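Notes for the structure review
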Amino acid sequence: MKRLKLTPRDQWQAKVEEVGLTFHSPDGQVYWDESAAYALTSREVDELEKAANTLHELCLKAAQHIIDEELFDQLAIPPGAAPFIVNSWSRDEFSLYGRFDLAYSPGQSPKLLEYNADTPTSLVEAAVAQWFWLEEVRPNADQFNSIHERLIDAWKSTQLTRIHMGGLRSSLEDEQTVLYIADTAHQAGINIKQLAIEDVGFDNDRKTFVDLENEPLNTYFKLFPWEWMWGSDYAEHLKLERCRFIEPMWKMLLSNKGILPILWKLFPEHPNLLPAAFKPEELPALSRSNYVRKPKLSREGANVSIFSHGQPIATTGGEYGEEGYIYQALAPIPAFDGNHPVFGVWIINHEACGLGIREDTSLITGNQSRFIPHYFE
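Note that the structure is predicted; figures quoted are calculated from it, not measured. (Residues numbered from 1 in each chain as written. Predicted model: local features only at pLDDT ≥ 70, side-chain atom pairs only at ≥ 80, totals over all residues. Heavy atoms only, no water.)

**Considerations on the pairing of strand β2 (residues 36-40)**
Formally: Burial classification: accessible surface area is computed with a 1.4 Å probe over protein chains only, and a residue below 20% of its type maximum counts as buried, one above 50% as exposed, and the rest as partly exposed. Each helix is a run of DSSP H or I of at least 4 residues and each strand a run of E of at least 2, with the numbering of both proceeding from the N terminus. In short, DSSP must find at least two bridges between two strands for them to pair.
Burial of β2 is extensive: 5 of the 5 residues sit out of reach of the surface. Bridge count between strand β1 (residues 2-5) and β2: 4 bridges; the pairing is antiparallel. When the bridges of β2 are listed, Leu 4 appears paired with Ala 37. For β2 and strand β19 (residues 374-376), the ladder comprises 3 bridges, and the chain directions are parallel.

The structure is reproduced here in C-alpha cells:
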C-alpha cells in the first residue's frame, strides 16, 4: 500500500459536480481531495473484501444474540422499539446497504472500528466520483468498486414498483446521496417519488404515513437515523407497522456501537475485531493503556476521546454521550506523510463490493476528513 502525491485534474470541481458530488468543498475546505491517491495491491483488496464479508456475518450473529438474550438496554434502544425490531428481524426485511469503517495497516488484519449500517454517507464519492477519476487518471488500473451495479441489482431483487425516498432537506450531502440512490432504483425499473423527511405526514383516519399529496407511504427509503425517528412525534405511529422502511428497523442493532463489546464477547481474539467493553476496566489488560471512548450513537466522530494511561489526549465535540459509551482498544491506524486513512468497505445486499478511503491528520475521523481516491494493479 502506498500513498501517492498527484496533481489534481484541470477543472476537477466541475468534473465531480457533473457526477453529483456538489459538496466537494464545504465551507471552502477541500473534502474531495485528488492531490493524492492510495495505491493498493490486489491481495490487500482481497483482504479488505474478505474482512468485511466476515464482519457482516459476525454482526448478524451478534444481532440474533442481542434478540435472544434481550440485550436492548446495552444498546440504549428505546424500550418501546424492541418488539418492533424483533418483528423486523423475524420478517427478514430487506437491507440495501451499509459501510464498515476499518483500520488497516500493511501486514496486519483489517480491524473493525464501527459499522455504519443505517444511514451511511460518502456513497456518491465512493461509487461514482472516484470511478470517473480512475478512468481519467489511471485508465489501466482497477478499483475495488462495483457499488453502482450492485445497488441496481439489489433494487431489482426487491420487486418493488414504487417507492418514496428522502432525507433531511437541510443537508446537501444527504440530498445528493438520496438523489444518487434514487437514480440506481430508477435504473432498476422502480418509480421514485422524492419526499423529504420533514414532509412526511400521518393520516389519522387511515392510520398511515402520507406524502404532501396524501398518498400513503407503502415503502420509504429514509436517510434519517432510526433512533431519531423513535425520538420524534411519529414514534407511536411506527408501532402500527404500516410502512416498509429501508433501512429496516433491525439495522438499529448493527449501527449502534454497543454491538462492539458484544462482538468481542462472542468472538474474543477474532483477527478482525478490536477489544471492546462497556467499561474501561473490562478491557483486556494490554488495551487499558491506550483506548478510545465512543458514544453508542454518535456520528461523524462526534464526542470521541482517545485515552493514554487514563488521560484524554484527543477529543472531539458534539451532542452525544447521554446514551452511554463503549470503550475500544486504540486501533493500529497507519500514518502516510502524517495522514491517517480509514478504509470504508461498502456492503450492498449483504455482500462487500467497494471501498472508499477517508483520511485526516487526526486519529479521529470526522465530518471534514478528506476523501481520497484509490486504485490497484
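Moving on from the model shown.
**As for helix α4 (residues 123-137)**
Because each turn of an α-helix spans 3.6 residues, side chains separated by three or four positions in sequence point in the same direction. We apply this condition: Multiplying 1.5 Å by the residue count of a helix minus one yields the expected span of that helix. A residue's bend is given by the angle between axes fitted to the 7 residues ending at it and the 7 residues starting at it.
Here α4 is 15 residues long and its end C-alpha atoms lie 20 Å apart, about the 21 Å a rise of 1.5 Å per residue gives. At Ala 129, α4 shows its largest bend, some 30°. Of the positions making up α4, those classed as buried are Leu 123, Val 124, Glu 125, Ala 126, Ala 127, Val 128, Ala 129, Gln 130, Trp 133 and Leu 134.

**Some remarks on the pattern of salt bridges**
When the charged atoms of two side chains lie near each other, side chains of opposite charge can form a pair. Let me state the cut-off plainly: A side-chain nitrogen of Lys or Arg and a carboxyl oxygen of Asp or Glu constitute a salt bridge if their distance falls within 4 Å.
Using the criterion set out here, one finds 23 salt bridges in the structure. A salt bridge links Lys 15 to Glu 136, with the shortest nitrogen-to-oxygen separation between them at 2.6 Å. Separated by 121 residues along the polypeptide, Lys 15 in helix α1 (residues 12-18) and Glu 136 in helix α4 bring together distant segments of the chain. Linking Arg 358 and Glu 300 is a salt bridge whose minimum nitrogen-to-oxygen distance equals 3.6 Å. Of this pair, Arg 358 sits in strand β17 (residues 351-360) while Glu 300 sits in the loop between β12 (290-295) and β13 (305-308), and the two are 58 residues apart along the sequence. On the accessibility criterion, Glu 300 (33% relative accessible area) is partly exposed.

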